[in-house]
Amino acid sequence: VERPRTDVRPRDNCVQARADWASIANTTDLDVLRSFVRSVPADCPVQRTQAERRIANVLAEASRPPIQYSPIAFDQRLVGSLTNSDGRLTTDEYVDGYVFSGRRNQHVTIEMRSSAFDTYLILIPPVGNQIDIDDTDGLATNSRVETTLQEDGEYVILATSFQPGEVGIYEL
């Protein structure tokens with residue numbers, strides 16, 4: 001009767017690579033990602049490819065222009081335009097940012113119109129949590145956000161499009 005060998009462990013070079021990838025998959029630290037790619041065994045192409053894609057995404061995100069914020073006053077009407085040189089949301093829509101000072105219990109209505117693209121509005125309160133989004137007011141391309149502000153402070157309006165890549169003139 002032959003005894004089983006106890007000095008042999010199952011060989012799966014990718015087990016550790018999978019575990020390591022799971023711990024760093026969401027990082028934006030390029031040094032960590034590049035180090036991981038160098039350390040992945042040759043017989044683990046899936047983990048290497050995932051890391052290389054993540055590096056490409058981090059580099060693409062870093063090369064995006066930042067969102068520009070302009071002040072906007074109550075009752076101010078303006079004409080703006082989304083262009084391919086604007087900042088972009090993480091979902092790839094071009095975006096213009098506007099800032100205004102609001103007071104608790106103040107009622108605001110924000111409207112955005114365009115004949116060039118389907119508009120989309122985002123309102124963010126001082127604490128940073130998105131509180132209202134609207135991409136239709138019953139008309140094909142217009143947006144309207146109507147709300148009562150919950151706190152004093154600086155609010156951000158993000159004027160964007162419903163679909164990525166849309167550009168053109170709008171009224172806010």
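Described in the following lines is the structure provided in the data block.

Reading guide: rules and limits
- Residues numbered from 1 in each chain as written.
- Predicted model: local features only at pLDDT ≥ 70, side-chain atom pairs only at ≥ 80, totals over all residues.
- Heavy atoms only, no water.
- Helix = DSSP H or I, 4+ residues; strand = E, 2+ residues; numbered from the N terminus.
- Buried < 20%, exposed > 50% of the residue type's maximum accessible area, 1.4 Å probe, protein only.
- Contact = heavy atoms within 4.5 Å.
- Areas by Shrake-Rupley, 256 points an atom, 1.4 Å probe, with all protein chains shown as cover.
- Axes fitted to C-alpha atoms, helices over the stretch in contact; angles between N-to-C directions.
- Parallel < 35°, antiparallel > 145°, perpendicular 65-115°, else oblique.
- Nonpolar A, V, L, I, M, F, W, Y, C, P; charged D, E, K, R; others polar.
- Polar contact = N/O pair within 3.5 Å; in protein donor to acceptor, adjacent residues only side chain to side chain.
- Phe/Tyr/Trp six-rings, centres within 6.5 Å; stacked < 30°, edge-to-face > 60°.
- Core = buried A, V, L, I, M, F, W, Y, C linked by side-chain atoms within 4.5 Å.
- Disulfide = S-S within 2.5 Å.

Let's shift gears to the overall build of the protein. Helix and strand counts for the protein stand at three helices and ten strands. Of the regular secondary structure in the protein, the N- to C-terminal order runs α-α-α-β-β-β-β-β-β-β-β-β-β. In the protein, buried positions account for 34% of the 172 residues. In the protein, of all internal contacts separated by at least 6 residues, the share reaching a separation of at least 24 is 70%. When the accessible surface of the protein is split by element, carbon and sulfur atoms take 48% of a total near 10900 Å².

When two helices pack together, their arrangement is given by the angle between their axes and by how far apart the axes lie. Across the interface, helix H1 (residues 13-24) lies against helix H2 (residues 30-39) with an axial gap of 11 Å and an inter-helix angle of 170°. Taken as axis vectors, H1 and H2 run roughly antiparallel relative to one another. Where H1 abuts H2, its residues Ala17, Asp20, Trp21 and Ile24 lie against Val32, Leu33 and Phe36. When its residues are assigned to classes, the contact of H1 with H2 shows six nonpolar, no polar and one charged.

All right, on to the environment of Ser39 then. Note on placement: Ser39 falls in helix H2. Once the C-alpha coordinates of Ser39 and Ala17 are considered, the two residues, 22 residues apart in sequence, prove to be 8.4 Å apart. In this structure the side chain of Ser39 is engaged in a polar contact, spanning 2.9 Å, whose partner is the backbone oxygen of Phe36.

Okay, the packing of aromatic side chains next. Under the definition given, this model contains five aromatic pairs. Pairing Phe100 with Tyr155 gives two aromatic rings, centres 5.5 Å apart and planes at 15°, and the pair type is stacked. With Phe100 in strand S4 (residues 94-102) and Tyr155 in strand S9 (residues 153-161), this pair connects stretches of sequence that are 55 residues apart. Given the relative accessible area of 6%, Phe100 is considered buried. Seen in terms of ring centroids, Phe117 and Tyr170 are 6.5 Å apart; in terms of plane orientation they differ by 80°. Their pairing is edge-to-face. Placement of Phe117 in the loop between strand S5 (107-112) and strand S6 (119-124) and of Tyr170 in strand S10 (residues 168-171) is noted, with a sequence separation of 53 residues between them. For the pair shown, Phe117 and Tyr170 are each scored as buried. Taken together, the ring pairs in this structure connect Phe74, Phe100 and Tyr155 into an aromatic cluster.

Moving on, we come to the nonpolar core. Counting residues in each nonpolar core, the largest one holds 19 residues, and the members touching the most others are Tyr98, Phe100, Leu123, Ile157, Tyr170 and Leu172. Of all the secondary structure elements, the ones that give two or more residues to this core are S4, S5, S6 and S9. Setting aside its immediate chain neighbours within four residues, Phe100 contacts Ile72, Phe74, Val108, Leu123, Leu149, Gly153, Glu154, Tyr155 and Ile157. Ranked by size, the runner-up nonpolar core spans 13 residues in total, among them Cys14, Ile24, Leu30 and Val37.

Moving on, we come to unusual backbone geometry. The phi torsion of most residues other than glycine is negative, and most of the peptide bonds are trans. With phi around 65°, Asp75 is a residue other than glycine that occupies positive phi space. Note on Asp75: relative accessible area 81%, which makes it exposed.

With that settled, consider the state of the cysteines. In this structure the tally under the stated criterion is one disulfide. In this model Cys14 forms its disulfide with Cys44; the gap between the sulfur atoms is 2.1 Å. Taking the sign of the S-S torsion, about -110° here, the bridge from Cys14 to Cys44 comes out left-handed. You can see Cys14 sitting in helix H1 and its partner Cys44 sitting in the loop between H2 and helix H3 (45-62), a full 30 residues away along the chain. Neither Cys14 nor Cys44 differs from the other in exposure class; each is buried.

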